[in-house]
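Chains, contacts and geometry: an overview
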Amino acid sequence: MKKIINRIAVFILIMLPLTSLWSQVNYEPLNKSIYAYLDRLSIQGYFQINSEIKPFSRMYIAKKLKIVLEEDANNITLLEKKELTFYTQEFARELKRIDVNVDSILADKQNNIILWNVVGFNEYGRFHLVDYDDSLFTFTLDPILGYKVGSGNITSETHLWNGLSMYGRISDWVGFDLNFRDNTETGDNIDYTREFSPLTGFTFRVPKERGFEFDEVNANLTFSNSWGSFTIGKDYVYYGEGKQSKLILGNKAPSFPQLKLEAYPVDWFKFSYVHGWLNSQVIDSSTIRYNESGWESFKHIPKYYVAHQFSFTPWKAFNFTLGESIVYSDTFEPIYLIPVMFFRLADHYLTHPDNAAGNAQLFASVWYNIPEIKTKFYGSVFIDELSITKVEGTNGPKAMGYTIGADVINPIIPESELVIEYTKIDPYVYFHRDDAQFYTNYDYQLGHWIGSNSDQIYLAFTKHIIRGLKVKGWFTYIRRGSRENPEEPRYQDKHTFLWGLRSNFTSWGINVRYEILHDVFASAAYRSLFSHEEQTEDLIVENNNSEFVFMLNYGF
């Protein structure tokens, strides 16, 4: 650990003389509405965004808003103009640092209602519980509060949460942010595992009457300059394309501690690297201890995740990305701190060829915008294992998945959006012969939530009514085969796509969501789910569930 700290210190010292006046980095949480707004404008050709690597920094977002403010403010629709003003309030300080005349844009919004020095509406009309800014130090703090109630034909649910969100900077090259929530869920037949759900999994749960409690936290300390950034944090990283979920790396598994490096020396190239610490949930038997009262103590086998990707945008409308990742366990290996190392060969260097130490993957993604028809085509591929040769008399190893989709802006109906997406994941994707090296964190896959031996069709149509108010209808159809058995040989002849007991899930719903003020939301949703599951060859279980949900929240 001391060596790691020393390396981090050296990196910081290198970064010190390279800082610039506008380079501080605060990452914007991935569930903020600004991401959907940027997607819509980029598909229409107003600017290009690196949607294959998220989250974005607030400064990155401000630079994209600047393009529209200075070049295309008269070309976007009236609704998009109102949203632009709304987001200009949110990112006013970042815009001002890149020489945007925010005061003239927000002249009618600057009400300066100050309750106590730094409490209340700031000079740009944006409310914060605590908000302070000067040339050396910026600090913003807001509460997180939420209430959700759901009722269905076989379920009822109440979800309460509270926490805080803060971010800021020190000087012009250090950024920090923290976001945490305490959650309480109660009800009948609530989902205690989230094993087969798009919702993020749990790290731990504290049981209570008719429910449980759990917490979530993300935090980052970032050092940056005009061409790159280095982060020590715990957060989500999104790699690849996909609207409903991410095939390569997303937020199905809980966020994990990480070192992250990003470099963007030119407009057409971006590099991203992450080294993370995962929880294997595999007990290290050598650490088991008992005291006189019989109390048991143990540790899990150490587990690590490393990935990097090279993203190229040779022209404004086209991007392709290549990358690789590896999950390794037991011992921390400094060789994986080399961001440009070929990880698969590093794995070969560390171990005997017949006993490879890590679970390596290759991946790629691509997107292509056609502004003339306001459409973005995209796709991702994830190769967990691929060989054209046979192993031990079985079929050639093949474990890969892909996502393809299209995102269309204003199809026939103004201020609307249509998403069509298909994902297919082979058997044994996210799997490994060593259970400490599954592509998981806390037993939740790091990639797409439907898991291996599955496919999904996803359709979504969104209509924007007024600024902040949208109605979304969606439909999914999922097919899922049997789960892998670690005890049996892999890639047998029977292990074709959707082998074993079959389950089919059909779900549709409608959601109405209104962002009343910045980060203040009210929403209502209806969902219907029909499932057809083969429990055994002779037993089929069918369920038809529906649920109505209302939610009110401030912050995320």
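The following paragraphs examine the structure supplied in this document. (Residues numbered from 1 in each chain as written. Predicted model: local features only at pLDDT ≥ 70, side-chain atom pairs only at ≥ 80, totals over all residues. Heavy atoms only, no water.)

**Comments concerning the overall build of the protein**
A count of helical and extended segments in the protein gives seven helices and 27 strands. For the protein, whose C-alpha radius of gyration is 24 Å, the value lies close to the compact-globule estimate of 24 Å for 556 residues. Expressed as lengths along the three principal axes of its C-alpha atoms, the size of the protein is roughly 70 × 60 × 55 Å. Out of the 556 residues in the protein, the part that is buried amounts to 51%. Total accessible area on the protein is roughly 25400 Å²; 59% of this is exposed by carbon and sulfur atoms. When the 53 basic and 67 acidic side-chain charges of the protein are each reduced to a single mean position, those positions are 4 Å apart. (Helix = DSSP H or I, 4+ residues; strand = E, 2+ residues; numbered from the N terminus. Rg over C-alpha atoms; globule rule 2.2 N^0.38 Å. Buried < 20%, exposed > 50% of the residue type's maximum accessible area, 1.4 Å probe, protein only. Areas by Shrake-Rupley, 256 points an atom, 1.4 Å probe, with all protein chains shown as cover. Lys, Arg positive; Asp, Glu negative; His and termini not counted. Charge placed at Lys NZ, Arg CZ, Asp CG, Glu CD.)

**What to know about the side chain of Ser 33**
Along the chain, Ser 33 falls in the loop between helix H1 (2-15) and helix H2 (34-43). A distance of 2.7 Å separates a polar atom in the side chain of Ser 33 from a polar atom in the side chain of Glu 515. Those residues in contact with Ser 33, other than ones at most four positions away along the chain, are Tyr 87 and Glu 515. (Polar contact = N/O pair within 3.5 Å; in protein donor to acceptor, adjacent residues only side chain to side chain. Contact = heavy atoms within 4.5 Å.)

**Overview of the environment of Pro 198**
Along the chain, Pro 198 turns up in the loop between strand S8 (174-188) and strand S9 (206-208). In the structure, Pro 198 is positioned 112 residues away from Phe 86 in sequence and 29 Å away in space, judged by C-alpha atoms.

**Thoughts on the packing of H2 against helix H3 (residues 58-72)**
Where H2 meets H3, the axes come as close as 12 Å, and the angle between the chain directions of the two elements is 45 degrees. Between H2 and H3, the angle is such that the two are oblique. Judged by the sense of rotation from one axis to the other, the crossing of H2 with H3 is left-handed. Facing Ile 34, Tyr 37, Leu 38 and Leu 41 of H2, the residues of H3 in contact are Ile 61, Lys 64, Leu 65 and Val 68. For the contact of H2 with H3, the per-class residue count stands at seven nonpolar, no polar and one charged. (Axes fitted to C-alpha atoms, helices over the stretch in contact; angles between N-to-C directions. Parallel < 35°, antiparallel > 145°, perpendicular 65-115°, else oblique. Left-handed = near helix turned anticlockwise from the far one by under 90°. Nonpolar A, V, L, I, M, F, W, Y, C, P; charged D, E, K, R; others polar.)

**A short note on the pairing of S8**
Relative to S8, strand S7 (residues 156-170) is paired through 15 bridges, and the arrangement is antiparallel. Bridge pairing in S8 places Glu 157 opposite Gly 187. In textbook terms, the turn of a hairpin is the stretch between consecutive antiparallel strands, and for S7 and S8 this stretch comprises three residues, one of which, Ser 171, has a positive phi near 60 degrees. Here 13 bridges tie S8 to strand S10 (residues 211-225), and the two strands are oriented antiparallel to one another. Across the sheet, the residue bridging to Asp 182 is Asp 215, located in S10. (Pairing = 2+ DSSP bridges.)

**Quick look at the environment of Tyr 444**
Within the element layout of this structure, Tyr 444 appears in strand S22 (residues 444-445). The sequence separation of Tyr 444 and Asp 99 amounts to 345 residues, and the corresponding C-alpha distance is 44 Å. Other than its neighbours up to four places away in sequence, Tyr 444 contacts Thr 193, Arg 194, Glu 195, Gly 201, Phe 202, Lys 252, Ala 253, Pro 254 and Tyr 439.

**What about the pattern of salt bridges?**
Scanning the model with the defined rule gives 27 salt bridges in all. Here Arg 58 ties to Glu 28 by a salt bridge, and the two come within 3.1 Å at their closest N and O atoms. One end of the pair, Arg 58, is in helix H3; the other, Glu 28, is in the loop between H1 and H2, and 30 residues separate them in sequence. The class for Arg 58 is buried, based on a relative accessible area of 2%. Here Glu 28 falls in the buried class, since its relative accessible area comes to 4%. Of the charged contacts in the structure, one is a salt bridge between Lys 96 and Asp 103, with a shortest N-O distance of 3.4 Å. (Salt bridge = Lys/Arg side-chain N within 4 Å of Asp/Glu carboxyl O.)

**Comments concerning the nonpolar core**
One finds Tyr 239, Leu 249, Tyr 305, Phe 382, Tyr 439 and Leu 446 to be the most contacted residues of the largest nonpolar core, which totals 34 residues. Those elements giving two or more residues to this core turn out to be S10, strand S14 (269-290) and strand S15 (296-315). Counting residues in each nonpolar core, the second largest holds 28 residues, with Tyr 35, Val 68, Leu 84 and Tyr 124 among its members. (Core = buried A, V, L, I, M, F, W, Y, C linked by side-chain atoms within 4.5 Å.)

**Let's talk about the pairing of strand S5 (residues 130-133)**
Remark: a regular strand shows side chains that alternate across the two faces of the sheet. Sheet topology note: the S5/strand S6 (residues 137-152) ladder contains four bridges and is antiparallel. Note that in S6 the partner of Tyr 132 across the bridge is Phe 139.

**Some remarks on the side chain of Ser 452**
Residue position: Ser 452 is located in the loop between S22 and strand S23 (454-466). Taking relative accessible area as the criterion, Ser 452 reaches 5% and is therefore assigned buried. At 2.4 Å, the side chain of Ser 452 and the side chain of Glu 484 are in polar contact. Those residues in contact with Ser 452 that lie beyond four places of it in its chain are Ile 425, Asp 426, Pro 427, Tyr 428, Val 429, Tyr 430, Arg 483 and Glu 484.

**A few points about the environment of Phe 475**
With respect to the helices and strands, Phe 475 occurs in strand S24 (residues 469-480). Looking at Phe 475, the relative accessible area reads 31%, which means it is partly exposed. Spatially, the C-alpha atom of Phe 475 lies 9.9 Å from that of Ile 420, the residues being 55 residues apart in sequence. Excluding residues that lie within four positions of it along the chain, Phe 475 makes contacts with Ile 457, Tyr 458, Leu 459, Thr 506, Ser 507 and Trp 508.

**A closer look at the packing of aromatic side chains**
A full pass over the atoms with the stated rule returns 38 aromatic pairs. The structure contains a cluster of three or more aromatic residues connected by ring pairs, namely Trp 268, Phe 269, Phe 312, Trp 315, Phe 318, Phe 320 and Tyr 368. The ring of Tyr 60 carries Lys 270 above its face, with NZ or CZ at 5.3 Å from the centroid. Between Lys 424 and the ring centre of Phe 497, over which it is positioned, the NZ or CZ distance is 4.6 Å. (Phe/Tyr/Trp six-rings, centres within 6.5 Å; stacked < 30°, edge-to-face > 60°. Lys NZ or Arg CZ within 6 Å of the ring centre and 35° of its normal.)

**Points about unusual backbone geometry**
The linkage connecting Lys 54 with the following residue, Pro 55, adopts the cis geometry, with an omega of 15 degrees. By the secondary structure assignment, Pro 55 is in the loop between strand S1 (53-54) and H3. Located in the positive-phi region is Asn 410, a residue other than glycine, with phi close to 55 degrees. Even without being glycine, Glu 415 reaches a positive phi, approximately 55 degrees. Within the element layout of this structure, Glu 415 appears in the loop between strand S19 (398-409) and strand S20 (416-425).

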